[in-house]
Amino acid sequence: MTATRYLIATGAAAISIAAATPSAQATYVLDTTIAVPASSNNVQPGGAFTSFDISFFDPSTQLYYVADRSNASVDIFSAQTNTFVGQIGGTGNLFTGQQATTSTSGPNGVLVVNLPGQHQVYAGNGNSTVLGFNIVSPTNNPQVSTTSTAGSFRADEMAFDPNTKLLLVANNADSPAHATLINTTTGAVAKSNITIPGAANTDGMEQPVYSPHTGTFFVSIPSFNGDQGGVAEIKTDGTVGRLFKFAAFGIASASPTGLAIDKNGRLLVGGGASGSQAVLFDPAGNGGLGSIVTTFPQISGSDQVWYDPTTDRWFVTGKDPAGNRVITVIDSTTLQVLQVIQLGVSPLSNAHSVAVDPISSEIFVPLAGSTSIVPNPICPDGCIAVFADNSVAAVPEPSTWAMMILGFAGLGFMAYRRKNKMAVA
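Residues numbered from 1 in each chain as written. Predicted model: local features only at pLDDT ≥ 70, side-chain atom pairs only at ≥ 80, totals over all residues. Heavy atoms only, no water.

Enquirer: Where do I start with the nonpolar core in this structure?
Expert: Membership of the largest hydrophobic core comes to 61 residues, with the highest contact counts inside it found for Y65, L167, F315, I363, I384 and F387. Setting aside anything within four residues of it in sequence, one finds F315 in contact with Y28, Q304, V305, W306, D308, I327, T328, V329, V354, V356 and I363. Of all hydrophobic cores here, the second largest spans 17 residues; its members include L168, I194, I196 and M205. (Core = buried A, V, L, I, M, F, W, Y, C linked by side-chain atoms within 4.5 Å. Buried < 20%, exposed > 50% of the residue type's maximum accessible area, 1.4 Å probe, protein only. Contact = heavy atoms within 4.5 Å.)

Given below as structure tokens:
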């Protein structure tokens, strides 16, 4: 599959490098866009793709998953061919779809879990349930579990511990917000109603991550009793560990939402409010009391944050100082902003989701279709925008299901850089 590229991103020119080494600068350009087919549950004008939540990339299969509320489905895309390949839901009443409020909409958080003999996808629903599916293939995905998180509103974002096989799910809209630990081998609740001390009923709970460095979960908290918020630690037995309140570290504005962890165990915390900032936080700093590594005051209005271990880069959704929706690319080692990818001429109000293929280094960004208030000049009906890094050379890439077999065998995957597009059959 080939596509004309449109240079819509800023950044310095690439320097001469080896193919397997990421550039000191980034030169991501729009490689292609992928249309999102309308399901029978889509009630948007023209069947447009206008509402979604976060997304997830699974390197073991090179499949990209999007929580698509417009179609009441989890959409599946192949990074091998950059095409739509399957859909979970979209018919019947499996997911609640887009409702009058995001608090009851679904799907929301989505995450891939690889278990022995099974490849599973979990998605939070608008009725406080978490649905699990076994992905035999993109078009064969039987449901294996439905687990209640015992709330009144949506089950939202989640994180997975591969050692205990526990899934931590946040109910951000309940009062108080709470988390649930789910045993993915049985679908049963291991621990329910995990609340954060010092967080008032309306403070919320956002993105969790699992840290292999501590063997615990961390979750972003928008505020502690109305302050700047921070990060809470949740242990695998469901007890709450350390509370890192950003006000105590001199952070004047944060409102944490997105959260991702790098290879060193540091957390990049996105600030959701306008005028907030992204904060790089080290839970191990200062003897385990935590420390601020640096801040990125030029990034605000964030939702999802992604870390790519191959390039050692952060990818942060948000707004630039002018209010335009952007993806900011940050080098995790040098802490330098490598590029600010502008997402079109007009600010796309719903561009808040991002994931990266660690094999090809391509960035996947859902873009909502045009509305009467916010036009989308790239794809008026909505789409998945795929950005490629021009600073690395193209190399051949293994097939999707061969990658899954390698993943199940525990052989990992090679750090291929750019790729030759495979012909679509």
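Still more to cover.
Enquirer: What should I look at first to understand the sheet that holds strand β14 (residues 208–211) in this one?
Expert: Within a sheet, neighbouring strands are paired by backbone hydrogen bonds and run either parallel or antiparallel to one another. If you walk across this open sheet you meet the four strands as β14-β15-β16-β17, and the pairing is antiparallel. Each end of this open sheet is capped by a strand with a single partner; those strands are β14 and β17 (240–245). Strand after strand, the sheet turns through a mean of 20° between neighbouring axes, direction not considered. As defined by bridge partners, β14 adjoins strand β15 (residues 216–221) across four bridges and the pair is classed as antiparallel. The partner of Y210 across the bridge, within β15, is F217. (Pairing = 2+ DSSP bridges. Helix = DSSP H or I, 4+ residues; strand = E, 2+ residues; numbered from the N terminus. Axes fitted to C-alpha atoms, helices over the stretch in contact; angles between N-to-C directions.)

Enquirer: Quick question: what am I supposed to make of the environment of G47 here?
Expert: Its location among the elements puts G47 in the loop between β1 (28–35) and β2 (52–58). Under the relative-accessibility criterion, G47 is labelled buried at 17%. Residues G47 and N71, 24 residues apart in the sequence, show an inter-C-alpha distance of 8.3 Å. Dropping the residues within four chain positions of it, G47 is found in contact with A38 and N42.

Enquirer: Hey, could you run me through the packing of aromatic side chains in this one?
Expert: In this description, a pair of aromatic rings is defined by centroid distance and the angle of the planes. A complete count under the given rule lists 13 aromatic pairs for this structure. Between Y28 and F315, the ring centres sit 5.9 Å apart and the planes meet at 80°, which makes this aromatic pair edge-to-face. In this pair, Y28 sits in strand β1 while F315 sits in strand β23 (residues 313–319), placing the two residues 287 residues apart along the sequence. A relative accessible area of 0% places Y28 in the buried class. Here the aromatic rings of F49 and F52 are separated by 5.2 Å at their centres, their planes lie at 15°, and the arrangement is stacked. We classify F49 as buried; its relative accessible area is 1%. For F52, a relative accessible area of 1% translates into the label buried. By the ring-pair criterion, three or more aromatic residues cluster together here, those being F57, Y64, F77, F84 and F364. (Phe/Tyr/Trp six-rings, centres within 6.5 Å; stacked < 30°, edge-to-face > 60°.)

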